[in-house]
Amino acid sequence: DQQVKQNSPSLSVQEGRISILNCDYTNSMFDYFLWYKKYPAEGPTFLISISSIKDKNEDGRFTVFLNKSAKHLSLHIVPSQPGDSAVYFCAATDYDAGNMLTFGGGTRLMVKP
Amino acid sequence: GAGVSQSPSNKVTEKGKDVELRCDPISGHTALYWYRQRLGQGLEFLIYFQGNSAPDKSGLPSDRFSAERTGESVSTLTIQRTQQEDSAVYLCASSLRRELYGYTFGSGTRLTVV
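Notes on the structure follow. Bear in mind that the values here come from a model prediction, so they are computed numbers and not experimental data. (Residues numbered from 1 in each chain as written. Chains lettered and ligands numbered in written order. Predicted model: local features only at pLDDT ≥ 70, side-chain atom pairs only at ≥ 80, totals over all residues. Heavy atoms only, no water.)

1. Section: the overall build of chain A
Rules: Helix and strand definitions here come from DSSP, where helices need a minimum of 4 consecutive H or I residues and strands a minimum of 2 consecutive E residues; each element is numbered from the N-terminal end. This radius of gyration counts C-alpha atoms alone. The globule rule is 2.2 Å times how many residues there are, raised to the power 0.38. Relative accessibility decides the category of a residue: with a 1.4 Å probe and only protein chains considered, values under 20% of the type maximum give buried, values over 50% give exposed, and everything between is partly exposed. Each accessible area is a Shrake-Rupley result for a 1.4 Å probe, and residues are judged covered by the shown protein chains and nothing else. Working convention for charge: Lys and Arg count positive, Asp and Glu count negative, and His plus the chain ends are omitted. In this description, the location of a charge corresponds to atom NZ of lysine, CZ of arginine, CG of aspartate or CD of glutamate.
Looking only at helices and strands, chain A has 0 helices and 11 strands in total. For 113 residues, the compact-globule estimate of 2.2 N^0.38 gives 13 Å, and the C-alpha radius of gyration of chain A, at 13 Å, lies within 12% of that figure. In terms of overall dimensions, chain A has C-alpha extents of about 45 × 30 × 20 Å along its principal axes. Split into buried and exposed, the 113 residues of chain A put 46% on the buried side. Per element, the accessible surface of chain A, about 5,400 Å² overall, is 49% carbon and sulfur. Treating the 11 positive side-chain charges of chain A as one cloud and the 11 negative ones as another, the clouds have centres 7 Å apart.

Here it is as structure tokens:
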């Protein structure tokens, strides 16, 4: 049973436009969410996170939105750049229960020049 | 060290052989995790070590898989009698127990079973 799902395996966007990556979760105990970015032959690196007490967190070109009632989060990248082309994983945890992250299956983003 | 180090970076082995993968976590990180990513799939949890507590082995796919950790340092993941379906990138990560920014991953070991 996948508790964190990324239903789009891939996404193609034109440079300069907005990229929107989506993630759904089923476990209502999850209260902390993270996005990781992975380039080929490298480990995933932390990108941005959000606590369930917020519905939005912004860091430069990256914004994460959380809709707790829908158990849905999204990552917006504006404007998209070719260097953003990577696989993006969302992850979730029940923060007080420990620090183990449950990952989604990833979305491959391709930003075309 | 400055980051999580994994070795080897690549390993090709014959079906039926045993392999050992090594992870050196960031110094001071009490938590250590092993994940794997098979081709075209997401990150699959394998095992979690936290300090001196008993490890969470709930993600290990079979009894051919085992892992050890020496104190709060090096960990080895052992796969016995490798099968072709074990081919994957094996990722190690470490973190402070309640680190807000999640894990720091190593670059992984790409295992190919032929």
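The structure having been displayed, the exposition proceeds.
2. A look at the side chain of B:Arg69
Residue and element names in this part refer to chain B. In plain terms, the rule: The term salt bridge refers to a pairing of a side-chain nitrogen on Lys or Arg with a carboxyl oxygen on Asp or Glu at a separation within 4 Å. Polar contact is defined as a pair of N or O atoms within 3.5 Å, subject to the rule that within protein one atom must be able to donate a hydrogen and the other to accept it, and that residues adjacent in sequence are counted only when both atoms are side-chain atoms. Contact criterion: two residues are considered in contact whenever any of their non-hydrogen atoms come within 4.5 Å of each other.
Here Arg-69 lies in strand 6 (residues 65-69). The side chain of Arg-69 sits in the buried core without any salt bridge; Glu-72 is the nearest counter-charge, 5.9 Å away. Of the polar contacts made by the side chain of Arg-69, one reaches the backbone oxygen of His-29; its length is 3.0 Å. Engagement of the side chain of Arg-69 in a polar contact is seen with the backbone oxygen of Ser-73, the distance being 3.0 Å. With residues near it in sequence (within four places) discarded, Arg-69 still touches Pro-25, His-29, Thr-30, Ala-31, Leu-32, Phe-49, Val-74 and Ser-75.

3. Notes on the pattern of salt bridges
Applying the stated criterion across every chain, the model contains 7 salt bridges over all chains. For A:Lys56, the salt bridge is made with A:Glu58, and the minimal N-O distance between the two is 4.0 Å. Between B:Arg36 and B:Glu44 there is a salt bridge, and its shortest N-O distance comes to 2.8 Å. With relative accessibility at 3%, the residue B:Arg36 sits in the buried group. One salt-bridge network, held together by shared partners, links A:Lys37, A:Arg61 and A:Asp84.

4. A short note on the interface of chain B and chain A
Applicable threshold: Accessible-area loss on putting two parts together, using a 1.4 Å probe and summing over both, is the definition of buried area adopted here. Residue classes follow a fixed rule: Ala, Val, Leu, Ile, Met, Phe, Trp, Tyr, Cys and Pro count as nonpolar, while Asp, Glu, Lys and Arg count as charged, and any other residue, Gly among them, counts as polar.
Chain B puts 22 residues into the contact, and the matching count from chain A is 21 residues. Surface buried jointly by chain B and chain A totals about 1,700 Å² across both partners, of which 56% is contributed by carbon and sulfur atoms. Here chain B and chain A share 0 salt bridges between them. Where chain B touches chain A, the interface holds 3 residue pairs in polar contact (both at pLDDT 80 or more). Contributions of two or more residues to the side of chain B that touches chain A are made by strand 4 (31-37), strand 5 (43-50) and strand 8 (88-95) of chain B. Residues of the side of chain B that touches chain A, tallied by class, amount to 11 nonpolar, 7 polar and 4 charged.

5. Comments concerning the sheet that holds strand 7 (residues 62-67) of chain A
Whenever strands of a sheet pair, they do so through backbone hydrogen bonds, lying parallel or antiparallel. Residue and element names in this part refer to chain A. Heads up, the rule is: For two strands to count as paired, DSSP must find a minimum of two bridges between them.
Read from one edge to the other, the open sheet built from 5 strands follows the order 1-3-8-7-6, with strand pairing classed as antiparallel. Sheet topology places strand 1 (4-5) and strand 6 (56-59) at the edges, where each strand pairs with a single neighbour. With 6 bridges connecting them, strand 7 and strand 8 (residues 72-77) associate as antiparallel partners. When the bridges of strand 8 are listed, Asn-67 appears paired with His-72.

6. Some points on unusual backbone geometry
Note that the residue after A:Val78, namely A:Pro79, is joined by a cis bond; omega there is -15°. Topologically, A:Pro79 is positioned in the loop between strand 8 and strand 9 (86-93). For the bond from B:Ser7 to B:Pro8, the omega torsion is -10°, close enough to zero to count as cis. Note on placement: B:Pro8 falls in the loop between strand 1 (5-7) and strand 2 (10-13). Despite not being glycine, A:Lys71 has its phi angle at roughly 50°, a positive value. Among the secondary structure elements, A:Lys71 is positioned in the loop between strand 7 and strand 8. Its identity is not glycine, yet B:Arg81 carries a phi of approximately 45°, on the positive side. Here B:Arg81 shows up in the loop between strand 7 (75-79) and strand 8. Looking at B:Arg81, the relative accessible area reads 41%, which means it is partly exposed.

Everything listed is a geometric property; what it means functionally is a separate question.
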